[in-house]
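Understanding the architecture of this molecule
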Amino acid sequence: MDNNRINDSIKQIKHNFMAYRNGIVSDTLRKAGMPYNIIFGLQLPQIAAIAREYGASDELADSLWKDSGVRESRLLACYLYDTENMTQEKALNIASTVQTAEEADILCFRLLRRLHFAESLLTRLLSSESPLISYCGKALQRNLEAMS
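Notes on the overall build of the protein
For the protein, the helix and strand inventory stands at nine helices and zero strands. Reading the protein from its N end, one meets helices and strands in the order α-α-α-α-α-α-α-α-α. Taken over the C-alpha trace, the protein has a radius of gyration of 15 Å; the compact-globule value for 148 residues is 15 Å, and the two agree within 12%. Taking the principal axes of its C-alpha atoms as reference, the protein extends roughly 40 × 40 × 25 Å. The proportion of buried residues among the 148 residues of the protein is 45%.

Observations regarding the state of the cysteines
By definition, a disulfide links two cysteine residues through a covalent bond between their sulfur atoms. Under the counting rule described, the total for this entry stands at zero disulfides. The structure places no disulfide on C78, whose sulfur is separated from the nearest cysteine sulfur, that of C108, by 8.8 Å. Relative accessible area serves as the criterion here: at 0%, C108 is assigned to the buried category.

Comments concerning the pattern of salt bridges
Evaluated as defined, the whole model comprises seven salt bridges. The residue R71 makes a salt bridge to E72 at a minimum N-O spacing of 2.8 Å. Residue R71 shares its accessibility class with E72, and that shared class is buried. Where R124 meets E89, a salt bridge forms, and the shortest distance between an N and an O atom there is 2.8 Å.

A short note on the packing of helix α5 (residues 71-80) against helix α7 (residues 101-110)
At a minimum axis distance of 8 Å, the contact between α5 and α7 shows a crossing angle of 20°. With respect to each other, α5 and α7 are oriented roughly parallel. Considering the relative orientation of α5 and α7, their crossing is right-handed. Seen from α5, the contacting residues are R71, R74, L75, C78 and Y79; seen from α7, they are E102, E103, I106, L107 and R110. Residue composition of the contact of α5 with α7, grouped by class: five nonpolar, no polar and five charged.

Conventions adopted
- Residues numbered from 1 in each chain as written.
- Predicted model: local features only at pLDDT ≥ 70, side-chain atom pairs only at ≥ 80, totals over all residues.
- Heavy atoms only, no water.
- Helix = DSSP H or I, 4+ residues; strand = E, 2+ residues; numbered from the N terminus.
- Rg over C-alpha atoms; globule rule 2.2 N^0.38 Å.
- Buried < 20%, exposed > 50% of the residue type's maximum accessible area, 1.4 Å probe, protein only.
- Disulfide = S-S within 2.5 Å.
- Salt bridge = Lys/Arg side-chain N within 4 Å of Asp/Glu carboxyl O.
- Axes fitted to C-alpha atoms, helices over the stretch in contact; angles between N-to-C directions.
- Parallel < 35°, antiparallel > 145°, perpendicular 65-115°, else oblique.
- Left-handed = near helix turned anticlockwise from the far one by under 90°.
- Contact = heavy atoms within 4.5 Å.
- Nonpolar A, V, L, I, M, F, W, Y, C, P; charged D, E, K, R; others polar.

Below, the structure written as structure tokens:
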């Protein structure tokens, strides 16, 4: 996907975020201390619906993940990463940059548990000294146990 197409997709995605915007959820999340500059207040079924429009795209997912000030961008990225292209180092890098428990939970459920190297990734995440990265490891562990 070239840069123009990625930018066009991101513009359309942000338009969708605005269309689904929920001020009550947004205000509640902001008051709960979410660290984002922008919170549209979308719920997961709405994010999943947007993800289905685009399908797997690592380039688009990377751009959305880098948009760390927008809650819905980060969550949508978790739906768009292609498990076939994911390397252990990239997965570890993504997991090590989670900003909230919600991101960790969605990342583990939508992506990390589906990777063929999830078990070795689990060990690395659980051994982290960062509480949030360690939480990501625990979320992955819960997901893997639920799958077995």
